[in-house]
Amino acid sequence: MAATRIEMETKDGVAWITLDGPETRNALDARASEALIAACDRIDADPEVGAAVITGTGRAFCSGADTDVLASLRSARADEGYDGLDVLYAGFRRFAGLRVPTVAAVNGAAVGAGLNLALAADLRVMAQDALLVSGFAAVGIHPGGGHLHLLGRAAGSTAAAAMGVFARRVRGAEAVGLGLAWAAVPAVDLHPTVRELIAHLAADPELARALKADLRLTVLDGTAWERSVEIERARQMWSLTRRNGDKSLQNGDNPLQSRES
C-alpha cells in the first residue's frame, strides 16, 4: 500500500524534512506521523542544528490525513476515535514543538491536516502557485487539530472564518497579503529563498535555539492551541460519525487531498 515516507537530511546547520509520497500526495498516516516525530527528536538532540525546514515532493506539500485512517474512525469506538485523531495530530504538533526555528517551504497544495502542518511552522514561504486549502467544511467534516486557532493565529479571525468556515482557498501572493506566508516566489526559487532566510540561524545554532525558546514563551500561546485541539476534537469525531456525513469518505476518496484547483 502506498504511504508517505519522511526523509531527513542535516547539512550545514539545517535539518531538511521532506514528505515523500507521490502516490498519496504526501498524505499523513500513523506511520508518517511517527516518523515525523522521530525526525524531530533527532533534530532536538543535535546541538549543531540551528533551523529546520519541512517541504514536500511533487505537486503537493501535504494533502492532509490519509483516507483509510479517516474512514476507520467512522465506526470506531469513542475512545478509539479519540486516540486515532490524536495519532494524526501528533506529527504536526511535535514539529511545532521543535527547539529550533522552523520554516515550511510550501511547494504545492497544503490541505486539511497538511495546512495544519504548514501553520505549525514559525514561518511559511510558498511557491507562487501553491494552494492553501482548509478542506474540511466543504466535504462535511469539522476541522481538527486546532485548525481554526492556527488559521486565526497566523492571519486573524476573518481569514480563519473565510478559509475554515466558508471554505475559501488561498494561493501565493494572496496568502502573503493575509499574513499566512512571508513570501511567495517562483517554484525554482523556493529552496534558495528559504536558505537565505535561515543562513544566520544555521551559522549560530545556540542563538537560534534561544530565539525559538523566547518566541514560544512571549508570542506563541501554546495553551490556546491545546484548548482548541480538545474543543475541535469532539466536534470532528461527531462529524466523522454522522450517518449522512461526508460522501467522499464513504466512496473511498480522500476529500482532504487537493484537486489542485
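Look up: the structure comes first, before these words.
This write-up is about the structure you can find in this document. (Residues numbered from 1 in each chain as written. Predicted model: local features only at pLDDT ≥ 70, side-chain atom pairs only at ≥ 80, totals over all residues. Heavy atoms only, no water.)

### Details of the sheet that holds strand S9 (residues 170-171)
Strand order across the open sheet formed by four strands is S4-S6-S8-S9, with mixed pairing between neighbours. Only two strands of the sheet have a single partner each, and these edge strands are strand S4 (60-62) and S9. Strand direction decides the pairing type here: strand S6 (residues 109-111) and strand S8 (residues 131-133), joined by two bridges, are parallel. If you follow Ala110 over to S8, its bridge partner there is Leu132. Running at roughly 105° to S6, helix H4 (residues 113-120) makes contact with S4, S6 and S8 of the sheet. (Pairing = 2+ DSSP bridges. Helix = DSSP H or I, 4+ residues; strand = E, 2+ residues; numbered from the N terminus. Contact = heavy atoms within 4.5 Å. Axes fitted to C-alpha atoms, helices over the stretch in contact; angles between N-to-C directions.)

### Describing the sheet that holds strand S2 (residues 14-20)
The six strands lie next to each other as S1-S2-S3-S5-S7-S10, forming an open sheet whose pairing is mixed. With partners counted over all chains shown, the strands left at the sheet margins are strand S1 (5-11) and strand S10 (183-185), one partner each. Direction aside, neighbouring strands of the sheet carry axes that sit 20° apart on average. Bridging between S1 and S2 involves seven bridges; their strand directions are antiparallel. Residue pairing across strands places Met8 opposite Ile17, the latter belonging to S2. Its contacts with the sheet put helix H1 (residues 30-45) on S1, S2 and strand S3 (51-56), and the angle it makes with S1 is roughly 15°.

### Examining H1
The terminal C-alpha atoms of H1, which comprises 16 residues, lie 23 Å apart, in line with the 22 Å expected from a rise of 1.5 Å per residue. Looking only at H1, the buried set comprises Ala32, Ser33, Leu36, Ala39, Cys40, Ile43 and Asp44. Down the axis of H1, the buried set is contained in an arc of 135°. They therefore lie on one face. When the buried face of H1 is taken as reference, the exposed residues oriented beyond 90 degrees from it are Arg31, Glu34 and Ala45. With a side-chain oxygen positioned 3.3 Å from the backbone nitrogen of Arg31, the residue opening H1 is Asp29. (Expected span 1.5 Å × (residues − 1). Buried < 20%, exposed > 50% of the residue type's maximum accessible area, 1.4 Å probe, protein only. Arc of directions from axis to C-beta. Polar contact = N/O pair within 3.5 Å; in protein donor to acceptor, adjacent residues only side chain to side chain.)

### Thoughts on helix H5 (residues 147-155)
Residue pairs spaced three or four apart in an α-helix point in one direction, given the helix's 3.6 residues per turn. Considered for burial, the residues of H5 that qualify are His147, His149, Leu150, Leu151 and Ala155. Elements in contact with the buried residues of H5: H4, helix H6 (157-165), helix H7 (172-178) and helix H10 (222-241). One or two steps after H5, the chain reaches Gly156, where phi turns positive at roughly 95°.

### A few points about the environment of Asp41
The residue Asp41 is located in helix H1 in this model. For Asp41 and Leu98, which are 57 residues apart along the polypeptide, the C-alpha to C-alpha distance reads 8.2 Å.

### Describing the environment of Ala30
Relative to the assigned elements, Ala30 resides in helix H1. Taking the C-alpha atoms as reference points, Ala30 and Leu85, separated by 55 residues in sequence, lie 9.7 Å from one another.

### Concerning the pattern of salt bridges
Evaluated as defined, the whole model comprises seven salt bridges. In this structure, Arg233 and Glu230 form a salt bridge, with 2.7 Å as the shortest nitrogen-oxygen distance. Separated by three residues within a single helix, Arg233 and Glu230 lie in helix H10, roughly one turn from each other. You can call Arg233 buried: its relative accessible area is 2%. Overlapping salt bridges, with partners in common, bring together Arg5, Glu7 and Asp20 in one network. (Salt bridge = Lys/Arg side-chain N within 4 Å of Asp/Glu carboxyl O.)

### Comments concerning the pairing of S2
Burial runs high along S2: seven of the seven residues are buried. Going residue by residue along S2, you find Val14, Trp16, Thr18 and Asp20 tucked away on one face and Ala15, Ile17 and Leu19 tucked away on the opposite face as well. Here S1 hands over to S2 after two residues, with Asp12 in that stretch at a positive phi of 55°. Where S2 lies against S3, six bridges are found, and the strand directions are parallel. Residue Trp16 lies in a different strand from S3, and its bridge partner there is Val53. What joins S2 to S3 is H1, and the crossover it makes is right-handed. (Right-handed = clockwise from strand over helix to strand, strands pointing away.)

### Observations concerning the pairing of strand S5 (residues 102-106)
A regular strand places its side chains so that they alternate between the two faces of the sheet. Among the five residues of S5, five are classified as buried, and the element is accordingly described as predominantly covered. Residues Thr102, Ala104 and Val106 line one face of S5 and the alternating positions Val103 and Ala105 line the opposite face, and both faces are buried. Pairing geometry for S3 and S5, over four bridges, is parallel. Each residue of the ladder has a partner; that of Thr55, found in S5, is Ala105. Relative to strand S7 (residues 123-127), S5 runs parallel, the two being bridged by four bridges. Residue pairing for S7: Ala104 is matched across the bridge by Arg124.

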